[in-house]
Each structure stands twice: as C-alpha cells, then as structure tokens.
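If you want the building blocks of each chain, they are given just below.
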Amino acid sequence: MTLTADRAMNIARVLTESLPYIRRFAGKTVVIKYGGNAMVDDDLKNGFSRDVVLMKLVGINPVVVHGGGPQIGRLLERIGKQSEFVQGMRVTDKETMDVVEMVLGGQVNKEIVNLINRHGGRAVGLTGKDGALIYAEKLRLTRDQEDPTVNVPEIIDIGHVGKVKQINTRIVDMLVQSDFIPVIAPIGVGEDGQSYNINADLVAGKLAETLRAEKLILLTNTAGLLDKEGKLLTGLDAAQVQSLIADGTISGGMLPKVQCALEAVDRGVKSAHIIDGRVEHAVILELFTDEGVGTLIRQGGGPQSCHP
C-alpha cells in the first residue's frame with residue numbers, strides 16, 4: 001500500500017496521541033478478560049495478540065484471563081453430551097469438568113500463548129490450579145419459591161461450578177517481574193482438591209482487585225453500554241451506572257459484566273472498561289486514544305471521556 005500524505009499524517013497523529021497514555025500507564029498492570037468474537041475470528045485473534053505484545057514492549061504489564069464457552073460446547077456436542085444451563089451457568093458434572101479442563105487449560109490456553117509468542121511476546125499459560133493461583137469454593141444457586149410458606153429456598157446443585165474464594169498472585173507476580181505475559185484459564189481448585197469451572201469475568205475482576213491493577217478490560221460482542229437510544233455511554237461513575245441499572249437501561253446479559261466492573265472499581269481498580277472485541281485492535285484503541293472503543297467506568301465522577 002502506498003503511503004499517502006493523508007495516511008502518513010493520520011499515523012503520526014495516532015502515535016503522538018498515544019504518548020501521554022504510554023507514559024501514564026508504564027509499569028502499571030492491566031487485566032484483560034479475553035472472549036467472544038475476538039477469540040474466534042483470525043484477524044481479531046492476531047490483532048489482540050499484537051496489542052498485548054505492544055503493551056508489554058512499552059512497559060505495561062498485561063495479564064490475560066480467557067473464556068472458552070463455545071469451544072467447550074462444541075467438544076461436548078462431538079462426544080454426544082448435551083450442554084445444560086441453569087441461570088446462565090453451565091451444569092458441570094465430573095465428565096463435563098474433564099472437558100472444561102481439556103479445552104480451557106489445553107486447547108484454548110495454548111492457542112493464545114502460541115499466538116502471543118508468534119508475535120514477539122513471551123507468554124506463559126496457567127490455570128488457576130497452577131501455583132495454587134485460584135482457590136475456589138462451590139457455587140450454590142437457589143431457586144425462588146413461589147409458596148410463601150416455604151422459608152428455605154431450594155438449593156440447585158450445578159456440579160463443579162465455583163466462585164473465587166482467594167487469589168494467590170505469587171506466580172503471576174513472578175512472571176510479570178520476569179517480563180512474561182501470564183495467560184490464565186479460569187479453573188480453580190477447592191480445599192478438597194476438586195477442580196471448579198469459574199466465570200472468566202469474575203476471575204478477571206478478582207485478579208485485578210488482588211493485583212491492584214490500573215485497569216480491568218472486559219472484551220464483549222457489543223459496543224459497550226448503550227443508552228435507550230442506542231448511543232454509547234462512557235466516562236461513567238458507579239452512581240451513574242447504578243441509576244442506569246435501576247431504570248432498566250442496563251439489563252439482561254450485560255448485568256453480570258457491569259456488576260463485575262463495579263465491584264472491581266469499588267475495591268481499588270482505577271477503572272474498568274467494557275469494550276467492543278469485534279473491533280480490530282480494540283485494546284490499544286481503548287488504552288491509547290482519546291475516543292476509545294467502549295465504555296469506561298470509574299469510581300469517582302468527572303467529565304465524559306474515555307480515559308481517567
């Protein structure tokens with residue numbers, strides 16, 4: 001492609017615009033939850049890998065937590081096992097847990113590691129079981145009872161599905177300090193040695209809190225948080241987000257991500273970003289440009305902008 005004067009000026013503008021952000025975030029940790037379309041489209045996968053490598057090269061410490069629900073579903077289908085969900089959670093018996101560990105800890109994790117390394121990074125794949133990184137406990141769901149005479153809600157057993165009890169970041173700290181990029185599959189281990197499948201958003205949020213990360217970035221298949229007219233919202237504080245939940249602007253499948261983001265900023269993460277993973281190079285566009293490509297949520301108030 002011939003480099004025209006207009007294209008050259010646009011490249012120069014983007015590079016100079018990024019400099020204040022590179023200076024500001026150098027030495028800081030950014031936890032990225034990687035999932036959705038960004039994990040299945042080849043161009044987006046390569047773009048994400050290059051973004052992570054670039055972050056590390058300019059002095060930022062990326063920590064990647066990935067999902068893999070569709071890949072798990074496809075393998076279960078191939079072996080003739082039907083996926084079952086309760087309140088959005090995959091019912092995970094022992095056989096399904098074996099598949100989860102195979103897909104997340106093996107196939108998906110190693111593919112991400114390989115892509116980052118091919119683009120010049122030094123990635124290391126982990127599950128939450130490695131180095132006792134993620135201590136988990138069984139997630140217990142309750143079914144609401146319509147009968148007012150029933151005082152105790154019914155407990156629903158969905159198997160090896162867990163929630164984060166504690167994060168031990170020693171192995172992550174060691175890798176980051178040695179210029180490696182940790183890539184983490186959201187599998188935890190209980191006190192009884194059992195493996196647990198944990199929602200990747202929740203793992204990313206808890207990891208960001210424990211690492212005292214500068215930012216938590218959640219990649220999604222949407223543009224971010226939208227108002228009732230479909231316009232992108234950004235530069236929000238916690239109180240504004242709660243108002244949007246109360247009036248029904250934020251609902252459905254976006255609620256768990258938003259709650260994860262709110263909890264992270266409430267517990268010390270400087271800002272959380274819900275960004276459009278369908279946009280190539282979404283991560284560095286959100287980090288290093290004034291406009292960004294998603295919704296930023298921070299604890300304090302302030303003017304509408306994409307960066308604190």
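Residues numbered from 1 in each chain as written. Predicted model: local features only at pLDDT ≥ 70, side-chain atom pairs only at ≥ 80, totals over all residues. Heavy atoms only, no water.

Under the annotation held in an unreviewed UniProt entry, the protein carries the name Acetylglutamate kinase and is attributed to Nitrosococcus halophilus. Its UniProt record gives the protein the following Function (unreviewed entry) comment, quoted word for word: "Catalyzes the ATP-dependent phosphorylation of N-acetyl-L-glutamate." Per UniProt, the comment on the protein under Subcellular location (unreviewed entry) is "Cytoplasm". (UniProt positions renumbered as here; feature names shortened; annotations may be inferred.)

Undergrad: How would you summarise the packing of helix α7 (residues 238–246) against helix α8 (residues 254–266) if you had to cite specific residues and measurements?
TA: As a packed pair, α7 and α8 sit with axes 11 Å apart at the nearest point and diverge in direction by 160°. Between α7 and α8, the angle is such that the two are roughly antiparallel. In this structure, α7 crosses over α8, and the sense of that crossing is left-handed. Seen from α7, the contacting residues are A238, V241, Q242 and I245; seen from α8, they are L255, V258, Q259 and L262. Its residues assigned to classes, the contact of α7 with α8 shows 6 nonpolar, 2 polar and no charged. (Axes fitted to C-alpha atoms, helices over the stretch in contact; angles between N-to-C directions. Helix = DSSP H or I, 4+ residues; strand = E, 2+ residues; numbered from the N terminus. Parallel < 35°, antiparallel > 145°, perpendicular 65-115°, else oblique. Left-handed = near helix turned anticlockwise from the far one by under 90°. Contact = heavy atoms within 4.5 Å. Nonpolar A, V, L, I, M, F, W, Y, C, P; charged D, E, K, R; others polar.)

Undergrad: Describe in detail helix α1 (residues 5–25), supporting the description with residues and values.
TA: Side chains that are three or four residues apart share a direction in an α-helix, a result of its 3.6 residues per turn. Its 21 residues give α1 an end-to-end C-alpha distance of 31 Å, which sits within 8% of 30 Å, the value for a rise of 1.5 Å per residue. Within α1 the residues assigned to the buried category are E17, S18, Y21, I22 and F25. Looking at the buried side of α1, the elements it contacts are β13 (215–220) and α9 (282–288). (Expected span 1.5 Å × (residues − 1). Buried < 20%, exposed > 50% of the residue type's maximum accessible area, 1.4 Å probe, protein only.)

Undergrad: With reference to specific residues and values, describe the packing of aromatic side chains.
TA: A ring pair, where both rings are aromatic, is described by two values, the distance of the centres and the angle of the planes. Enumeration according to the criterion identifies 2 aromatic pairs in this entry. For the pair Y21 and F25, a centre-to-centre distance of 6.4 Å together with 15° between the ring planes defines the contact as stacked. Linking Y21 with F25, this pair stays in helix α1, spanning 4 residues, or about one helical turn. Residue class for F25 comes out buried when judged on its relative accessible area of 1%. (Phe/Tyr/Trp six-rings, centres within 6.5 Å; stacked < 30°, edge-to-face > 60°.)

Undergrad: Tell me what's going on with the pattern of salt bridges, and back it up with residues and numbers.
TA: Pairing between side chains becomes possible if they bear opposite charge and their charged atoms approach one another. Counted according to the given criterion, the structure contains 18 salt bridges. Between E111 and K45 there is a salt bridge, and its shortest N-O distance comes to 2.7 Å. In this pair, E111 is assigned in helix α4 (residues 94–118) and K45 in helix α2 (residues 42–57), connecting sequence segments 66 residues apart. The salt bridge partner of E209 is R267, with a shortest N-O separation of 3.8 Å. (Salt bridge = Lys/Arg side-chain N within 4 Å of Asp/Glu carboxyl O.)

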